[in-house]
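Per-entry structural report
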Amino acid sequence: MYGYAGRILRVNLTDRTTKVEPYDLEIARRFLGGRGFSAYILYTEVPKGADPLGPENKVIVSTGPLSGTLVPGAGKTDITTKSPQTGGYASASVGGLLCAELKYAGYDAIIFEGLSESPVYLFVDDDRVEIRDAANLWGKGSLTLEEDLKKELGESFQIASIGPAGERVVSYACITHDFGRQAGRGGVGAVFGAKKLKAIAVRGTKSIPIADLESFRQQAREMFKACAESPALEVWQKYGTAGVVTWANEIGAFPTRNFQSGFFEKHESLSGEVMRDAIVVTDKACFACPCPCGKYSHTKKHGVFVEGPEYETTALFGGNCALADIEDVAYANYLCDELGVDTISAGNCIAFAIECFERGIISTADTGGLELSFGDPKAVFTMIEKIAARDGLGDVLAQGVKHAAEVFGGGSAAFAIQVKGLEMSGYESRNAPSMLLSYMTCDVGAHHNRSWSITYDIEVGRDSISPDKAAKVISLQHIRPLFDCLGACRLQWVELGLSLDSYASVLQALTGVERSWDDLLKISERVWNLTRAYWIREVDGFGREWDSPPPRTWEEKVTTGPTQGSSISWEDNQRLLDMYYEQRGWDKNGVPTRAKLAELGLTDIAAL
Ligand code: SF4
C-alpha cells in the first residue's frame, strides 16, 4: 500500500484494550483516506441511533495518503464522530503535525470506541501503545496541558487534547493541537470528554512507502517552487486569514451584532495590518507548509500568548460581539483555546444572548446579574468562562444557539443563526445567494469551509439566482473536502494557485495508482453522498427542512453598510435549493436517488 501505513489502531476505552488491524485496500480505493475513511467507518461501525455521548459512538482520527509527505501543506488530520451538537455527521479538520507523527508511527487512523470510567490519555510511541491514567491532567486547559505533557514525554511527541469544556461535554467543545490549532466544529471534543479521553500523545519514527520516489520528489519540489514564486505568497504569509477582515467589510459580509449587519463600523481596528503591528510575534506553519498563515500573538493588555486570531475568530468576536480592540479579540481567542471551545460557535452563542438581553427576552435574572451588551469585552470573557463551566446561562448556551432559542422563547429562534443546529461561520450572506446555499447544504451544518463561494456571487452578480450558482457550490463541495481526504491543506491551491492536476499527479507517484483529478472528484462526491445518507439514517424526518437558512436571512434586511437593505426572498432561496438538488441527483426532499447511489457505488453501504 504505497502512500499508506496500511494499519488502523483500534482503542477500546471500556475494556482498555488496543488492537492493530490491517484494512482492506478496497476501502482506500473507494474512500481515499482522511475524511473519506472516517465517513465510511462512522457509517458502517456506529449503529443507527447511537447516543453521541454513549459507548456506541466512535471518534475516528484519520490521516490521508498525502499526510506526512513532503507535498506542501501535507499536515491535515480529520476527526469525525456523531455530533452531540447536531445529532448528525461531524467532521473537523485540524492542521499541525499530528497526522505526520501518526503515520510515522505506522497508523493511518485511530478508532476510539467505548467509554472509560476514569480519565485517560492515549500514548503511542511507534508500536508501543498504552492507555494511561490522566487523573493528574483532568481539569487542565489545553494549552497548559500540551506544554506540561511535552515536558514530561519529550518535545517530539505531538499532542491533541480537550480542555475543561470538553470534560464538561459542552456541545461545541473542540480538540486542540499544536498550541492553538483546532478541530473545532460539531463537538468532537465533547465526545472525547464523554469518553473521558483527555488527550492523545503520538510519536513515530517509521517511513511512508512511496511508489515512484524520484518522480514524487521532483513533483513535490516543483510544487514548493510554485508556492515560493506565487505573487500572493507575501500578503498571505504576512496577514494569514486576518487579511480578509477589511475585504469582508468592504463587501458587506462581516457578521456584525449577531448577523444584523455585514459591516462593522470599527473594523479598521481589527484589520490584518493592525493585528500584525499590535500583537503578532511570529508566523507559524503546519507540517510541510511553505506559507505559514498561522500568526502567533502576544497581547500585552491581557498578558497571554495565543495562536491567532484567525479571520473567523475576529469575525465572530470582533464584528459579531462588537469587540473593537484586537487585543480583546485575542484574549477571547485565548480563553476559548485554553478552555477548549470552538470560537465560531462561542462567538455566535454570546452574540445571540446579547441580542436576547437587549430585546428584553432575557434579563439579569437569567444572567446571574451580568449586564450583556454588544462591545463589552468583560461580558464576553465572563460568558466564555461560564459556557466552559456550564454555569447558569452558560449551561444553556453550552448546548448551542438552537437549544438556547428553545429555552429563551420570545421569538428568538428567528435570529438564532444556525443550520442543522450548527452556528454559522463568519460570512453574512443575505447578498450572496450561493454562499447562503453553501451554508444550507454543508454536510456538518452552517460551516464555510466546504464551499466558500462568496467570490462567485460577486463575480457573476450578487442578486442572481441561476443554475450555475448551484453548480458552483456543488463543484466546491467536491474539491475542497477532497483535500480533507488527501490529508493536505487546500490553501496552497486557494491562495497561491497550485494547480489541482498537480495533486493528482503527485498522488499517483506516491501511490502508484493512476487516477485523474476527475477520478478523485468522483471519490469526493461518493463521500458527500455517504454523509448525506448518514444524516437521513440518523435524524428522524431529515429532509429539505433541515437545509433551511436562518429566518433572519429572508425575514430581515441588512441594517447597515454596503449591502444595507438587502435580503433574499424565501422563494428565491428555495428556487436555488431546487436547482442544487436536481443537479446533485437528489429528490425534492434532498434525498439521493437510488440511481445516484448506484452511480457512486454506494448501494451496498447506504440503501435509502
Ligand atoms: Fe497550515 Fe496555513 Fe499552511 Fe494551510 S496555509 S498548512 S493552514 S499554515
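Residues numbered from 1 in each chain as written. Predicted model: local features only at pLDDT ≥ 70, side-chain atom pairs only at ≥ 80, totals over all residues. Heavy atoms only, no water.

So, about the sheet that holds strand β14 (residues 294-299). Read from one edge of the open sheet, 3 strands run β13-β14-β15, paired in antiparallel fashion. Single-partner strands in this sheet number two, and they are β13 (280-284) and β15 (304-307). Taken pair by pair, the neighbouring strands of this sheet meet at an average axis angle of 20°, ignoring direction. Where helix α12 (residues 326-339) meets the sheet, its contacts fall on β14 and β15, and the angle it forms with β15 comes to roughly 80°. (Pairing = 2+ DSSP bridges. Helix = DSSP H or I, 4+ residues; strand = E, 2+ residues; numbered from the N terminus. Axes fitted to C-alpha atoms, helices over the stretch in contact; angles between N-to-C directions. Contact = heavy atoms within 4.5 Å.)

Remark on secondary structure: sheet strands pair via backbone hydrogen bonds, oriented parallel or antiparallel. Spatial strand order, β8-β7-β12-β9-β10-β11: 6 strands in an open sheet with mixed pairing. Every other strand in the sheet has two partners, leaving β8 (128-133) and β11 (181-183) as the edge strands with one partner each. Going from strand to strand, the sheet's axes swing by 20° on average, the running direction of each strand aside. When strand β9 (residues 158-161) meets strand β12 (residues 197-203), the two strands line up antiparallel, connected through 4 bridges.

On to helix α15 (residues 377-389). For α15, spanning 13 residues, the distance from its first C-alpha to its last is 18 Å, which sits close to the expected 18 Å at 1.5 Å a residue. Along α15, the residues that are buried comprise Ala-379, Val-380, Phe-381, Met-383, Ile-384, Lys-386, Ile-387 and Ala-388. On its buried face, α15 is in contact with α5 (164-167), α11 (311-319), α12, α13 (343-358), α14 (364-367) and α16 (393-397). The N-cap of α15, judged by a side-chain oxygen 3.0 Å from the amide nitrogen of Lys-378 a few residues on, is Asp-376. Positive phi shows up at Arg-390, right after α15, with a value of about 55°. (Expected span 1.5 Å × (residues − 1). Buried < 20%, exposed > 50% of the residue type's maximum accessible area, 1.4 Å probe, protein only. Polar contact = N/O pair within 3.5 Å; in protein donor to acceptor, adjacent residues only side chain to side chain.)

This part is about the environment of Glu-371. Topologically, Glu-371 is positioned in the loop between α14 and α15. Exposure remark for Glu-371: the relative accessible area of 54% places this residue in the exposed category. Separated by 257 residues in sequence, Glu-371 and Gly-114 have C-alpha atoms that sit 42 Å apart.

Bringing the pattern of salt bridges into the picture now. For the structure on display, the rule yields 49 salt bridges. Asp-178 serves as the salt-bridge partner of Lys-284, at 3.4 Å between the closest nitrogen and oxygen. Taken as a pair, Lys-284 in strand β13 and Asp-178 in the loop between β10 (175-177) and β11 lie far apart in primary sequence, 106 residues in all. Neither Lys-284 nor Asp-178 differs from the other in exposure class; each is buried. For Glu-538, the salt bridge goes to Arg-537, with nearest N and O atoms at 2.8 Å. Of the two residues, Glu-538 and Arg-537, neither departs from the other in class, the shared state being buried. Here the residues in one salt-bridge network are Arg-10, Lys-19, Glu-21, Glu-45, Lys-58 and Glu-113, joined through shared partners. (Salt bridge = Lys/Arg side-chain N within 4 Å of Asp/Glu carboxyl O.)

Here the focus is the side chain of Glu-538. Inspection of the secondary structure assignment puts Glu-538 in helix α23 (residues 517-538). The class of Glu-538 is buried, set by a relative accessible area of 12%. At 2.9 Å, the side chain of Glu-538 and the backbone nitrogen of Gly-49 are in polar contact. Of note is the side chain of Glu-538, whose polar atom sits 2.7 Å from the side chain of Lys-82.

Enumeration over the complete set of coordinates arrives at 25 aromatic pairs. A centroid spacing of 5.9 Å and a plane angle of 5° characterise the contact between Phe-352 and Phe-408, whose relative ring orientation is stacked. One end of the pair, Phe-352, is in helix α13; the other, Phe-408, is in helix α17 (residues 401-408), with 56 residues separating them in the sequence. By the burial criterion, Phe-352 is buried, and Phe-408 matches it. A ring pair is formed by Trp-535 and Phe-542, whose centres lie 5.4 Å apart and whose planes are at 25°; its orientation type is stacked. Aromatic rings pair up to connect Trp-247, Phe-254, Tyr-311, Tyr-427 and Trp-452 into one cluster. One Lys or Arg, Arg-132, reaches over the ring of Phe-123 and ends 3.7 Å from the middle of that ring. (Phe/Tyr/Trp six-rings, centres within 6.5 Å; stacked < 30°, edge-to-face > 60°. Lys NZ or Arg CZ within 6 Å of the ring centre and 35° of its normal.)

Purely geometric numbers; function is a separate question.
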